[in-house]
2 protein chains.
Amino acid sequence: MAQHVAGPEIERLIQLLARLPGLGPRSARRAALHLIKKRDTLLNPLSDAMRIANERIVVCSTCGNVDTSDPCTICRDGKRDPSILVVVEDVSDLWALERSGAVNAKYHVLGGVLSPLDGVRPEHLNLDRLVARASEPGVAEVILALNATVDGQTTAHYITELLGHLPVKVTKLAHGVPVGGELDYLDEGTLSAAIRQRTSF
Amino acid sequence: MAQHVAGPEIERLIQLLARLPGLGPRSARRAALHLIKKRDTLLNPLSDAMRIANERIVVCSTCGNVDTSDPCTICRDGKRDPSILVVVEDVSDLWALERSGAVNAKYHVLGGVLSPLDGVRPEHLNLDRLVARASEPGVAEVILALNATVDGQTTAHYITELLGHLPVKVTKLAHGVPVGGELDYLDEGTLSAAIRQRTSF
């Protein structure tokens, strides 16, 4: 192990870097060495950026997004359609949808999905606030942009029932062939859905 | 892009993380989000570890290793054979050899290899100090543990000539079949070397 040759400070840096998703023990060592070599242009700025992020980042009390202001940039954005709420599992899904530019509406981050196996129950999710927001006058549609997994779809059904008494339309993402996808590699469920939900040319 | 939805502080964190080897733009976003979620257990400690590393890490003026002391832990280690100098390109190679436990000697980190294409000339490498160390009484062998690349082998030849006038034995790593390697997947050069340098069973 490297602890015998490098000081404990370097070893600690490697161990912490190895806990980042996408970095294993080996790539964490490489990243640590890269940081040490690029001290002025990377190690210092990254350390500062982390400290600043830690000081300023807050969770939006309205939608659950992370930002440096509460309400977050999206909740304060007057150019977005306030009649549509896009429900996502995680902030990463919000970012993905924003990158796609597919929808210009407000978001609601659940902070997870229902999962009996992992012990995630409704009270662990940001659901009370969702019902409150969906009840506000002016909200016409709730798009459930949840993952097409068992837990994601279970959560989608649960939310659909939860919002059943409200005068809002609850919709979900279409299933189908991914753009650029080859039929040969797709599972039967996706192909069936793509046929069932076919659109006119 | 995420800069429209996340604050500039988060965007800067993502950009800096993306410059780590092994992380691309997508995994940097995931890493940033992971850091933000694990603020107390990861973001804070990592930021501190980086600051401490930056304050304390020095390059060993004897061998070129990075450590928090000069001379480094290895150069100060009295249990190592001082008659052998292992020459490596980079600190990462030193770490790799230490992990293998293959040799218990002193090191010398060149800080690169000669490369006409990249404009790396002898004066850019830690060579003067190598000649001085190899000239010290008590040094009997210099092991050139350089990569088996064109530049690595060019550098090995250059160093062999550079040390030619000294009463030290200059050796290099053996070529051969990697442990666990399958012959079918090895190149001709490796196979030829493995046959030429075969050992008795």
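Residues numbered from 1 in each chain as written. Chains lettered and ligands numbered in written order. Predicted model: local features only at pLDDT ≥ 70, side-chain atom pairs only at ≥ 80, totals over all residues. Heavy atoms only, no water.

1. Comments concerning the overall build of chain A
A tally of regular secondary structure across chain A gives 8 helices and 6 strands. Start at the N end of chain A and walk to the C end: the helices and strands fall as α-α-α-β-β-α-β-α-β-α-β-α-β-α. A compact globule built from 201 residues would reach a C-alpha radius of gyration of about 17 Å, whereas chain A, at 22 Å, exceeds it by more than 25%. The proportion of buried residues among the 201 residues of chain A is 44%. Restricting to contacts in chain A with at least 6 residues of sequence separation, those with at least 24 account for 47%. As displayed, chain A offers around 10,900 Å² of accessible surface, 54% of which is attributable to carbon and sulfur atoms. (Helix = DSSP H or I, 4+ residues; strand = E, 2+ residues; numbered from the N terminus. Rg over C-alpha atoms; globule rule 2.2 N^0.38 Å. Buried < 20%, exposed > 50% of the residue type's maximum accessible area, 1.4 Å probe, protein only. Contact = heavy atoms within 4.5 Å. Areas by Shrake-Rupley, 256 points an atom, 1.4 Å probe, with all protein chains shown as cover.)

2. Quick word on the UniProt feature "domain: Toprim" (unreviewed entry) in chain A
In the UniProt entry, the feature "domain: Toprim" (unreviewed entry) is given for residues 83-178 of chain A. The distance separating the terminal C-alpha atoms of residues 83-178 of chain A is 28 Å; by composition the span is 33% helix and 20% strand. (UniProt positions renumbered as here; feature names shortened; annotations may be inferred.)

3. Quick look at the relation of the copies chain B and chain A
Expressed as a screw transformation, the operator carrying chain B onto chain A has a rotation angle of 180° and an axial translation of 0.0 Å, and the superposed copies differ by an RMSD of 0.0 Å. Such a combination of rotation and displacement between the chain copies is what one expects of a two-fold axis. Taking C-alpha positions as the reference, the residue of chain B nearest the rotation axis is S47(B), at 2.4 Å. Interface overlap between copies: 98% of the residues of chain B at the interface are likewise at the interface in chain A, consistent with a symmetric, same-surface contact. (Least-squares fit on C-alpha atoms with pLDDT ≥ 70 in both.)

4. Here we look at the sheet that holds strand 6 (residues 169-172) of chain A
All names here are of chain A. One open sheet accounts for 4 strands, arranged 4-3-5-6; its pairing is parallel. Unpaired on one side and paired on the other, strand 4 (105-109) and strand 6 mark the two borders of the sheet. Neighbouring strand axes in the sheet, compared pairwise and without regard to direction, differ in orientation by 25° on average. Here helix 7 (residues 150-162) sits on the sheet and contacts strand 3 (81-88), strand 5 (141-144) and strand 6; the angle it forms with strand 5, its principal contact strand, is near 165°. (Pairing = 2+ DSSP bridges. Axes fitted to C-alpha atoms, helices over the stretch in contact; angles between N-to-C directions.)

5. Remarks on the packing of helix 3 (residues 39-56) of chain A against helix 3 (residues 39-56) of chain B
In a pair of packed helices, the angle between the axes and the distance between the axes together describe the arrangement. In the contact formed by helix 3 of chain A and helix 3 of chain B, the axes pass within 9 Å of each other and the chain directions differ by 145°. Helix-helix and strand crossings are classified by hand; for helix 3 of chain A and helix 3 of chain B the assignment is left-handed. Contacts between helix 3 of chain A and helix 3 of chain B involve R39(A), L43(A), N44(A), L46(A), S47(A), M50(A), R51(A) and N54(A) from the first element and R39(B), L43(B), N44(B), L46(B), S47(B), M50(B), R51(B) and N54(B) from the second. For the contact of helix 3 of chain A with helix 3 of chain B, the class distribution of residues is 6 nonpolar, 6 polar and 4 charged. (Left-handed = near helix turned anticlockwise from the far one by under 90°. Nonpolar A, V, L, I, M, F, W, Y, C, P; charged D, E, K, R; others polar.)

6. Quick word on the environment of K79(A)
Examined against the element boundaries, K79(A) turns out to sit in the loop between helix 4 (73-76) and strand 3. For the pair K79(A) and D90(A), spaced 11 residues apart in sequence, the C-alpha separation works out to 23 Å.

7. Concerning the packing of helix 2 (residues 25-37) of chain A against helix 3 of chain A
Residue and element names in this part refer to chain A. Packing of helix 2 against helix 3 brings their axes to within 6 Å, and their N-to-C directions diverge by 115°. Comparing the axis directions of helix 2 and helix 3 gives the class roughly perpendicular. Here H34, L35, I36 and K37 of helix 2 lie close against helix 3, whose contacting residues are R39, L42, L43 and L46. For the contact of helix 2 with helix 3, a count of residues per class yields 5 nonpolar, 1 polar and 2 charged. (Parallel < 35°, antiparallel > 145°, perpendicular 65-115°, else oblique.)

8. So, the interface of chain B and chain A
Between chain B and chain A, the residue contacts involve 57 residues of the former and 56 residues of the latter. Roughly 5,300 Å² of surface becomes buried between chain B and chain A when both sides are summed, with 68% attributable to carbon and sulfur atoms. Linking chain B with chain A are 4 salt bridges, by the criterion used here. When the shortest N-O distance is used, the salt bridge between K37(A) and D90(B) registers 2.5 Å. Viewed at the interface, chain A and chain B are joined by 16 residue pairs in polar contact (both at pLDDT 80 or more). Among the secondary structure elements, those contributing two or more residues to the side of chain B that touches chain A are helix 1 (8-17), helix 2 (25-37), helix 3, strand 2 (66-67), helix 4 (73-76) and helix 5 (91-100) of chain B. Class assignment of the residues belonging to the side of chain B that touches chain A gives a composition of 31 nonpolar, 12 polar and 14 charged. (Buried area = accessible area lost by both parts, 1.4 Å probe. Salt bridge = Lys/Arg side-chain N within 4 Å of Asp/Glu carboxyl O. Polar contact = N/O pair within 3.5 Å; in protein donor to acceptor, adjacent residues only side chain to side chain.)

9. Examining the nonpolar core
Ranked by size, the top nonpolar core spans 80 residues in total, and within it L17(A), V86(A), L17(B) and V86(B) carry the most contacts. For V86(B), the residues in contact, after removing those within four places along its chain, are L97(B), V103(B), A105(B), K106(B), Y107(B), H108(B), I143(B) and A145(B). (Core = buried A, V, L, I, M, F, W, Y, C linked by side-chain atoms within 4.5 Å.)

10. Things to note about the sheet that holds strand 5 (residues 141-144) of chain B
All names here are of chain B. Spatial ordering of the open sheet is given by 4-3-5-6, a layout of 4 strands whose pairing is parallel. With one partner strand each, in any of the chains shown, strand 4 (105-109) and strand 6 (169-172) form the two edges of the open sheet. Across this sheet, the average inter-strand angle for adjacent strands is 25°, counted without regard to direction. The strands that helix 5 touches are strand 3 (81-88) and strand 4; relative to strand 4, the one it contacts most, it runs at about 160°. Each of strand 3, strand 5 and strand 6 touches helix 7 (residues 150-162); the most contacted strand, strand 5, lies at about 165° to it.

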